[in-house]
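These are the residues of each chain, in order.
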Amino acid sequence: MNLIEQRMADHAAVLAATKALAPDIEKAGTLIRDALAGGHKILFCGNGGSAADSQHLAAEIVGRFQKERPSLPALALTVDTSVLTAVANDYGYDTVFSRQVEGLGNAGDVLVGISTSGNSKNVIAAIETARKKQMSVIGFTGIGGGKMADLCDVCLAVPSKVTARTQEMHIMMGHIICEIAEETY
């Protein structure tokens with residue numbers, strides 16, 4: 001089997017294992033749908049590829065995913081370089097997301113923290129701040145969930161140790177969640 005066929009087989013195997021998360025994917029989608037229907041917003045955070053996923057999913061909510069509907073409030077905490085660099089400089093990188101959750105998050109909002117390891121210090125700090133603000137928390141992680149497993153209302157821990165396969169499932173689950181969120185519009 002060549003490299004391409006092997007990676008496709010790897011993807012298919014992780015996808016098959018990820019199907020076990022279907023009830024939790026539905027729960028996450030319902031949390032987001034209900035928060036948006038109640039006039040609340042969705043905040044996303046993550047590092048590296050997870051930062052890109054944060055931006056991608058926030059754009060699906062603000063713009064549209066599959067159908068025409070009103071714009072909905074979502075924000076990736078990864079996009080404001082002035083905030084990120086000021087907070088990192090003044091308080092340290094571990095606080096770049098929690099400081100934004102402190103200023104932008106409200107009770108009833110949802111934080112989506114994305115970390116393939118489930119152990120990113122700045123994502124965990126954001127989750128802890130969200131909890132203090134009575135926000136719901138959804139985590140996207142890899143196998144086992146890391147420290148995030150015990151901190152989230154729903155932790156979507158992809159059953160894979162390979163970052164690339166985990167990220168592929170994150171975006172698929174995110175798309176499904178966006179589709180669930182659009183059901184009421």
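Scroll up to find the structure.
Bear in mind that the values here come from a model prediction, so they are computed numbers and not experimental data.

Rules of the game
Residues numbered from 1 in each chain as written. Predicted model: local features only at pLDDT ≥ 70, side-chain atom pairs only at ≥ 80, totals over all residues. Heavy atoms only, no water. Helix = DSSP H or I, 4+ residues; strand = E, 2+ residues; numbered from the N terminus. Rg over C-alpha atoms; globule rule 2.2 N^0.38 Å. Contact = heavy atoms within 4.5 Å. Areas by Shrake-Rupley, 256 points an atom, 1.4 Å probe, with all protein chains shown as cover. Lys, Arg positive; Asp, Glu negative; His and termini not counted. Charge placed at Lys NZ, Arg CZ, Asp CG, Glu CD. Patch = residues over 30% accessible without salt bridge, like charges linked within 9 Å, V, L, I, M, F, W, Y side chains within 5 Å. Salt bridge = Lys/Arg side-chain N within 4 Å of Asp/Glu carboxyl O. Buried < 20%, exposed > 50% of the residue type's maximum accessible area, 1.4 Å probe, protein only. Pairing = 2+ DSSP bridges. Right-handed = clockwise from strand over helix to strand, strands pointing away. 1 Å grid on protein atoms, 1.4 Å probe; cavity = no way out; pocket = protein on both sides within 12 Å on 5 of 7 lines; lining within 4 Å. Points joined across faces, edges and corners; volume = space filled by probe spheres on them. Nonpolar A, V, L, I, M, F, W, Y, C, P; charged D, E, K, R; others polar. Axes fitted to C-alpha atoms, helices over the stretch in contact; angles between N-to-C directions. Polar contact = N/O pair within 3.5 Å; in protein donor to acceptor, adjacent residues only side chain to side chain. Core = buried A, V, L, I, M, F, W, Y, C linked by side-chain atoms within 4.5 Å.

(A) Local environment of the overall build of the protein. Within the protein, the regular secondary structure consists of seven helices and five strands. For the protein, the C-alpha radius of gyration of 16 Å lies close to 16 Å, the compact-globule estimate for 185 residues. Judged by the C-alpha coordinates and their principal axes, the protein covers about 50 × 40 × 30 Å. Pairs at least 24 apart in sequence give 69% of the contacts found in the protein among residues at least 6 apart. Put simply, the protein shows about 8,700 Å² of open surface, and 54% of that area lies on carbon and sulfur atoms. Between the mean site of the 16 positive side-chain charges and the mean site of the 20 negative ones, the protein shows a separation of 3 Å.

(B) The arrangement of unusual backbone geometry in detail. Residues other than glycine seldom take positive phi values, yet Q134 does so here, at roughly 60°. Inspection of the secondary structure puts Q134 in the loop between α6 (121–132) and β4 (136–141).

(C) Quick look at a nonpolar patch on the surface. A surface patch of nonpolar side chains, amounting to about 220 Å² of accessible area, comprises L75, V79 and L104. Tracing the chain through its elements places V79 in the loop between β2 (74–76) and α4 (81–91). V79 gets classed as partly exposed once you look at its relative accessible area, which sits at 46%.

(D) Spotlight on the pairing of β4. Within β4, five of the six residues are buried, which leaves the element mostly enclosed by the surrounding structure. In this structure, strand β3 (residues 110–114) lies alongside β4, joined through five bridges in parallel fashion. The residue of β4 that forms the bridge with I114 is F140. For the handedness criterion, the β-α-β arrangement of β3, α6 and β4 is classed as right-handed.

(E) Broad picture of empty space enclosed by the protein. Summed over all chains, the structure comprises one cavity of 30 Å³ or more. For the largest cavity, the calculated volume is near 40 Å³. Elements supplying a minimum of two residues to the lining of the largest cavity: α3 (49–62) and α7 (163–182). Broken down by element, the residue count for the lining of the largest cavity peaks at three residues, all from α7. Residue classes in the lining of the largest cavity are distributed as eight nonpolar, one polar and no charged.

(F) The sheet that holds strand β5 (residues 154–157), seen in detail. The strand order across the open sheet formed by five strands is β2-β1-β3-β4-β5, and the pairing between neighbours is parallel. The sheet terminates laterally at β2 and β5, the two strands that pair on one side only. Here the average twist between neighbouring strands, direction ignored, is 15°. Those strands touched by α7 are β3, β4 and β5, and its axis lies near 145° from that of β4.

(G) Structural view of the side chain of S120. Along the chain, the position of S120 falls in the loop between β3 and α6. Looking at S120, its side chain comes within polar contact range of the side chain of S115, at 2.9 Å. Setting aside residues no more than four positions away along its own chain, S120 makes contact with N47 and S115.

(H) Region of interest: the nonpolar core. Counting 30 residues, the largest nonpolar core has I32, I42, V112 and L156 as its most contacted members. Per-element accounting of this core gives the leading share, six residues, to α7. Here V112 is in contact with I32, I42, L43, F44, C45, I138 and F140, once residues within four sequence places are set aside.

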